[in-house]
Amino acid sequence: MRTAFDTGLGIPERCIVVGEVAQAHDGSLGAAHAYIDAIADAGADAVKFQTHIAEAESSALEPWRTKFSLQDETRFDYWRRMEFAAEQWAGLKAHTEDRGLLFLSSPFSIEAADLLARIGIRAWKIASGEAGNTLLLRRIAETGLPVIVSTGMSALSETDQAVALFRSGGIPVTVLQCTSAYPCAPEHLGLNLLDRFRERYRCAVGLSDHSGTIFAGLAACALGAQMVEVHVTFSRDCFGPDVPASITTGELKTLVEGVRFIGKATGSSVEKDALTSELDPVRRIFTKSLTFRCDLPEGTRLSADHFSAKKPGTGIPVERVDRLVGRSLRRAVKLGAFVVEDDVLPG
């Protein structure tokens, strides 16, 4: 069993499932709250948003990754439309915690980090595009709160530096393998990196998935991931750039069920003989006992040809046939009768 490192998130030791809302709310506060309920109903452990303050993080020069919005002339305009006020963020956090989930949000500026700190965030998620933003990382490190570092667009050297910065302050770190492709092809998921990151950083590791399926998260869990983060959408017909890389809220429920199942399956230590002993009542139904193949008179010297095997396995086990071969019958027996020790004279 792989080593489970402390995430510092206060969630029982298991694979933590995070529902990533990101910009799926499309600037609607009501939709953001609805996503919280849907993710909670699916059984996830945490809800994650992104906190954008356009003036603090962007400029008119920022290009579109994908020109998807007809109502926003520039990318800057889009970020501005995605903003919520501090009291609205506080309401989202309170709603999340009322549903028993951990509230997470990625800040994209120092101002966004300060806003989240004021509302009492319990942990930080670092977007991979911010891995080299030393100003932001230092501000986050000052809080001493646990940190989740995404590696989607980061070279190993950038992740090394970010992890070292937080580790120097004794901060619990979780490193997520991520590939910033929307959607991400299975051959680019990088599941092999989970063990490499675990060995390299000696910390909790997980997967931030953009495949748009539940399969990657299930595979990561089976490989020992302590966290699986997935983008969530109400429907594949919804609007937004992340929909192709998202799973539906219904699929999230299936993912959670699968992760819990895998966690129990991989977290237990089974002794085969002990398990077989527990299954003895079932074993007696499906296994077979020795019977006589034909009518035989008293005194017959037994050979293997005199025996057959029939259910149930409540009599003499078939594997003991060699102990009976060569011995003589104490009395006559009938075809199909189950063999009992008293039928046979001692050898």
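You'll find the structure just up there.
Keep in mind it's a predicted model, so treat the numbers as computed, not measured.

**Overview of the overall build of the protein chain**
Along the protein chain, the regular secondary structure elements total 13 helices and 11 strands. For 347 residues, the compact-globule formula gives about 20 Å, and the C-alpha radius of gyration of the protein chain, at 31 Å, lies well above that figure. Here the C-alpha coordinates of the protein chain stretch approximately 105 × 45 × 35 Å along the principal axes. Looking at the protein chain residue by residue over its 347 residues, the buried ones come to 46%. Considering only contacts in the protein chain between residues 6 or more positions apart, those separated by 24 or more positions represent 66%. Accessible surface computed for the protein chain: about 16,700 Å², of which carbon and sulfur atoms make up 53%. Treating the 38 positive side-chain charges of the protein chain as one cloud and the 44 negative ones as another, the clouds have centres 10 Å apart.

**Details of the side chain of E20**
Mapped onto the fold, E20 is located in strand β1 (residues 16-22). Polar side-chain contacts of E20 include one of 2.9 Å to the side chain of K48. Every residue in contact with E20, bar those within four places of it in the chain, is listed here: K48, F49, Q50, E229, V230, H231 and V232.

**Some points on the packing of helix α1 (residues 29-41) against helix α4 (residues 86-98)**
Running from N to C, α1 and α4 point in directions that differ by 15°, and their axes come no closer than 10 Å. Of the possible angle classes, the one that applies to α1 and α4 is roughly parallel. For the element pair α1 and α4, the recorded crossing hand is right-handed. Taken together, the residues of α4 that come into contact with α1 (itself represented by L29, A32, H33, I36 and D37) are Q88, G91, L92, H95 and T96. For the contact of α1 with α4, the per-class residue count stands at 4 nonpolar, 5 polar and 1 charged.

**A closer look at the environment of P186**
On the secondary structure map, P186 appears in the loop between β6 (173-178) and α8 (193-201). Between the alpha carbons of P186 and D45 there is a distance of 25 Å; along the sequence they are 141 residues apart.

**Details of α8**
Of all the positions in α8, only L193, L194, F197, R198 and Y201 are classed as buried. All buried residues of α8 lie within an arc of 140° about the axis, which places them on one face of the element. Of the residues trailing α8, R202 is marked for its positive phi of about 50°.

**Quick look at the pattern of salt bridges**
Here the structure, examined in full by the defined rule, presents 23 salt bridges. A salt bridge links D41 to R99; the shortest N-O distance between them is 2.8 Å. Of this pair, D41 sits in helix α1 while R99 is found in the loop between α4 and β3 (102-107), placing the two residues 58 residues apart along the sequence. Where D160 meets R200, a salt bridge forms, and the shortest distance between an N and an O atom there is 2.9 Å. Here R200 lies in helix α8 and D160 lies in helix α7 (residues 156-167), a separation of 40 residues in the sequence. The exposure class of D160 is partly exposed, given its relative accessible area of 26%. Taken together, the shared-partner salt bridges in this structure form one network comprising R330, R331, D342 and D343.

Parameters and conventions
- Residues numbered from 1 in each chain as written.
- Predicted model: local features only at pLDDT ≥ 70, side-chain atom pairs only at ≥ 80, totals over all residues.
- Heavy atoms only, no water.
- Helix = DSSP H or I, 4+ residues; strand = E, 2+ residues; numbered from the N terminus.
- Rg over C-alpha atoms; globule rule 2.2 N^0.38 Å.
- Buried < 20%, exposed > 50% of the residue type's maximum accessible area, 1.4 Å probe, protein only.
- Contact = heavy atoms within 4.5 Å.
- Areas by Shrake-Rupley, 256 points an atom, 1.4 Å probe, with all protein chains shown as cover.
- Lys, Arg positive; Asp, Glu negative; His and termini not counted.
- Charge placed at Lys NZ, Arg CZ, Asp CG, Glu CD.
- Polar contact = N/O pair within 3.5 Å; in protein donor to acceptor, adjacent residues only side chain to side chain.
- Axes fitted to C-alpha atoms, helices over the stretch in contact; angles between N-to-C directions.
- Parallel < 35°, antiparallel > 145°, perpendicular 65-115°, else oblique.
- Left-handed = near helix turned anticlockwise from the far one by under 90°.
- Nonpolar A, V, L, I, M, F, W, Y, C, P; charged D, E, K, R; others polar.
- Arc of directions from axis to C-beta.
- Salt bridge = Lys/Arg side-chain N within 4 Å of Asp/Glu carboxyl O.

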